[in-house]
Every structure is written in C-alpha cells, then in structure tokens.
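# Close look at the chain arrangement
Okay, here's what each chain looks like letter by letter:
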Amino acid sequence: MSAVRLFACPSCGLVVFFGNVRCERCETILGYDPERNRMIALAPDGDERRYCANHEHGVCNWILPAGAPPGLCRACRHNVTIPDLSLPENLALWSKMEEAKHRLLYTILRLRLPLFDRTEQPDGLGFEFLRSDDPRTQIMTGHADGLITIALAEADDAEREKRRTALGEPYRTLLGHFRHEVGHWYWDRLVRDTPSVAAFTELFGDASRDYGEALEAHYAAGPRAEWQTELISAYAAAHPWEDFAETWAHYFHMIDTLETGGSFGIVLHPRLDRDDILSTSLDFNVYDAALPMETLTSAWVALSSALNSFNRSMGLPDAYPFVLSERVNQKLAFVHTLVRQARNGSARNLQALTGGGATC
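Here goes a summary of the coordinates provided. (Residues numbered from 1 in each chain as written. Predicted model: local features only at pLDDT ≥ 70, side-chain atom pairs only at ≥ 80, totals over all residues. Heavy atoms only, no water.)

On to the overall build of the chain. For the chain, the count of helices and strands is eight helices and 11 strands. Taken over the C-alpha trace, the chain has a radius of gyration of 21 Å; the compact-globule value for 360 residues is 21 Å, and the two agree within 12%. Classification of the 360 residues of the chain by burial places 49% in the buried group. Restricting to contacts in the chain with at least 6 residues of sequence separation, those with at least 24 account for 61%. Carbon and sulfur atoms make up 52% of the accessible area of the chain, which amounts to about 17200 Å² in all. Within the chain, the 48 negative side-chain charges are centred at a point lying 4 Å from the centre of the 35 positive side-chain charges. (Helix = DSSP H or I, 4+ residues; strand = E, 2+ residues; numbered from the N terminus. Rg over C-alpha atoms; globule rule 2.2 N^0.38 Å. Buried < 20%, exposed > 50% of the residue type's maximum accessible area, 1.4 Å probe, protein only. Contact = heavy atoms within 4.5 Å. Areas by Shrake-Rupley, 256 points an atom, 1.4 Å probe, with all protein chains shown as cover. Lys, Arg positive; Asp, Glu negative; His and termini not counted. Charge placed at Lys NZ, Arg CZ, Asp CG, Glu CD.)

This is the structure:
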C-alpha cells in the first residue's frame, strides 16, 4: 500500500509506509495500529497484539486491539462478500480492492466520522466485491442501504481503463469508487432527515427527484450545458445524490493528498508566482477540526497544479483533471462543515437510518 502519510519503524526509526509488514533495514515485523495511528512492532514468537485474519491472504496489515481474540480488524469487518479465493486470479484483484478500502477507512477514522458495520446496525457500512462468471452480465458498482457493491473487474487496470474511455471520464480509480459510494452512505447519516437538508437543497438541488428517471435521462442526454460552472464532474449532473457523492469523494481526495504532501514536508513557492496563487506550505494538520476550508482549498489549488505539471513533464495525463469553480468550492465547504459537525457530535442523526435507497 502506498503512503497516506509516512510512518517510522518503532525499532530503528527507518521511514516505512502504510502497507509495510516488515522493516527493510532491521527486519522488524510491522503492523498498522488504527487506534494509535502508528506502526507497531510484533514479536515473532507471539504477542498480545495480532494481525487481522486477512493477513494470511496478504491483503491486510492492520492490528487487532490488545487482548482481542483472532478475527477481522476495524477495516475488514466491513466486508460482506469477498471474491472466491479458489480462483488464483481473484486474490490479486482483491488485494487491490483492499488497498483502496483500507485507505478509505483510514481517512474516515482520522476524520472521526461515525462508522459502524452491518453486525452493529442493519444498514451499517458493508462491502461486496463481486465477479460475474457470465461475460454477458456486468456487475454494477453502487450503494443500497449501506451495502456498497464494487465489481471485481474494476481492479483490473485494463478493464477499468476500457470503461473509463467508454464513458468519457477523465478519471476513474478504485479509490475514487470507494470514496464516491461511501458518500451516499454518509448522505443518509449526516444529511437526510436532519436540519442540513435545507442547505443541501439550496446547493445541490432537490433530492426527492425520482432517482431512476434522473439517471436514465442523464445517460440518454448527458449533462446540461455549462455544467462546469456548478459541478465537479459531468456525472454529478445526474442527480443531487450523485453531485453530493462526487463532492464528498473530491473532499477525500484533497484531505488524503494534502496529508501525504505535508508528511513529505512539501513547500511550493514558484519564482514567477507573484500573487502566491500556486504557493503553499503543507505544514498544517488536515484533520484539525478548526481548520478553515479556505486553507484546504488554496493549498489544494497549488498542490494539484504542481502535480499536474509533473505528470505532463512525464508525458502522463493530469493527476487531477478537474476545476474547482466558486459553486463547487461552496459545496466542498458544505461537506467540510458536515464532517466537522459529525466529529464534534453535533450532527443530529449519527446513527443508522433505514430507507436510504439504491444509488450508484
């Protein structure tokens, strides 16, 4: 797994990454402790701390709480259906799924958002990773009452690029799928049936619009003209739920990447940037509940511009092929406020609610 932020080996201090299970210098056995957000050392001859049961498949390095019996970790207990591991090719695809899912849950836990699985609440957050044995049948990625389904084929880079091209999308990743779909779940938790509905409707539109009809119309006619002035992506035009989920995903993109940049000590100060539009220092805590959205936005504009420029120098597409309009910034600020309210425990409805419906 790649970095969310940099960690240190507890034995020798060498820089290690989020998915490491062994220090390359001192060979200490490592595991990620989500309770303390740090890498810990595991004794090779047994320890009160133990790996998640999915470690045996090479897809998880998270540690169970001290004294906990063998079982699944804070991230893997949200799995409802995993691929058939009797098929060797499924393990490699599932590994990619778990890398994206663990990264998603890392951010959720660091933001201190409400989180519960389907053993705790009937519509708790759950994941199904499905594969169709019939080439004529395509598994649809989507969300229904807390259950997020992601087609295993999306973990195949070639297949995912084929779908991205067919749909005319500038960006399509596994992590993007996870962040988008969990946005639907948090809409049910933090917006629906709460006082936030009024502000949501003003920014995103009326969520009571028939979802199926709206989606059918979107695929038939495409987004409305000049959608870039109000929406982060063309797909956000399909329905207010999709607009929110896309905005939620982009908020997570920003938080995660800015934390990574801060961990690397990135400071940007282009010589020609006299207006300081592309200048930033990422020496702030992105999880600080008091951090203004303007700080995140200005830092993101600078960092994403640099990332895009680096990619172009390598002959690659832009890392972040999107434009943040004034209206989109207002929507991001709405998400930022929801997250801070949930963290402070002031959101009205933080426990499971029924009847969320199905969304893609």
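There's more to say after this.
With that settled, consider the nonpolar core. Formed by 86 residues in total, the largest nonpolar core has its most connected members in Leu113, Phe244, Trp248, Tyr251 and Leu296. Of the residues forming this core, the biggest block, nine residues, is contributed by helix H1 (residues 88-111). Not counting residues up to four positions away in its chain, the partners in contact with Leu296 are Tyr251, Met254, Ile255, Leu258, Phe284, Val286, Leu291 and His336. (Core = buried A, V, L, I, M, F, W, Y, C linked by side-chain atoms within 4.5 Å.)

With that settled, the discussion passes to H1. Compared with the 34 Å implied by 1.5 Å per residue over 24 residues, the 36 Å span of H1 between its first and last C-alpha is a close match. Two residues or fewer after H1 comes Arg112, characterised by a positive phi angle close to 60°. (Expected span 1.5 Å × (residues − 1).)

This structure, assessed with the given rule, holds 22 salt bridges. Two residues, Arg224 and Glu230, come together in a salt bridge whose shortest N-O distance is 3.2 Å. When its relative accessible area of 43% is taken as the criterion, Arg224 is described as partly exposed. In this structure, a network of salt bridges that share partners links the residues Glu154, Glu159, Arg163, Glu169 and Arg172. (Salt bridge = Lys/Arg side-chain N within 4 Å of Asp/Glu carboxyl O.)

This next bit is on unusual backbone geometry. Within the chain, Arg112 stands out as a residue other than glycine whose phi angle is a positive 60°. A residue is classified by how much of its surface remains accessible, and Arg112, at 55% relative accessible area, is exposed. Not every positive phi belongs to a glycine, and Asp193 is a case in point at roughly 60°. Within the secondary structure, Asp193 is located in the loop between helix H3 (174-190) and helix H4 (196-204).

Looking now at the environment of Asp288. Structurally, Asp288 can be placed in the loop between strand S10 (280-281) and helix H7 (293-313). Between the C-alpha atoms of Asp288 and Ala41, which are 247 residues apart in sequence, the distance is 28 Å.

The next thing to look at is H7. In this model, H7 (21 residues) spans 30 Å end to end at C-alpha, consistent with the 30 Å of a helix rising 1.5 Å per residue. Those residues of H7 not exposed but buried are Met293, Leu296, Thr297, Ala299, Trp300, Ala302, Leu303, Ser304, Ala306 and Asn308. Once H7 ends, the next one or two residues include Gly315, with phi positive near 75°.

This model, assessed by the stated rule, comprises 27 aromatic pairs. Their ring planes at 65° and their centres at 6.1 Å tell us that Phe129 and Phe178 sit as a pair that is edge-to-face. Highlighted residues: Phe129 in strand S6 (residues 126-130) and Phe178 in helix H3, separated in sequence by 49 residues. With respect to burial, Phe129 and Phe178 carry one shared label: buried. Aromatic rings pair up to connect Phe116, Trp185, Tyr186, Trp187, Phe200, Phe204, Tyr211, Trp241, Phe244, Trp248, Phe252 and Phe334 into one cluster. (Phe/Tyr/Trp six-rings, centres within 6.5 Å; stacked < 30°, edge-to-face > 60°.)

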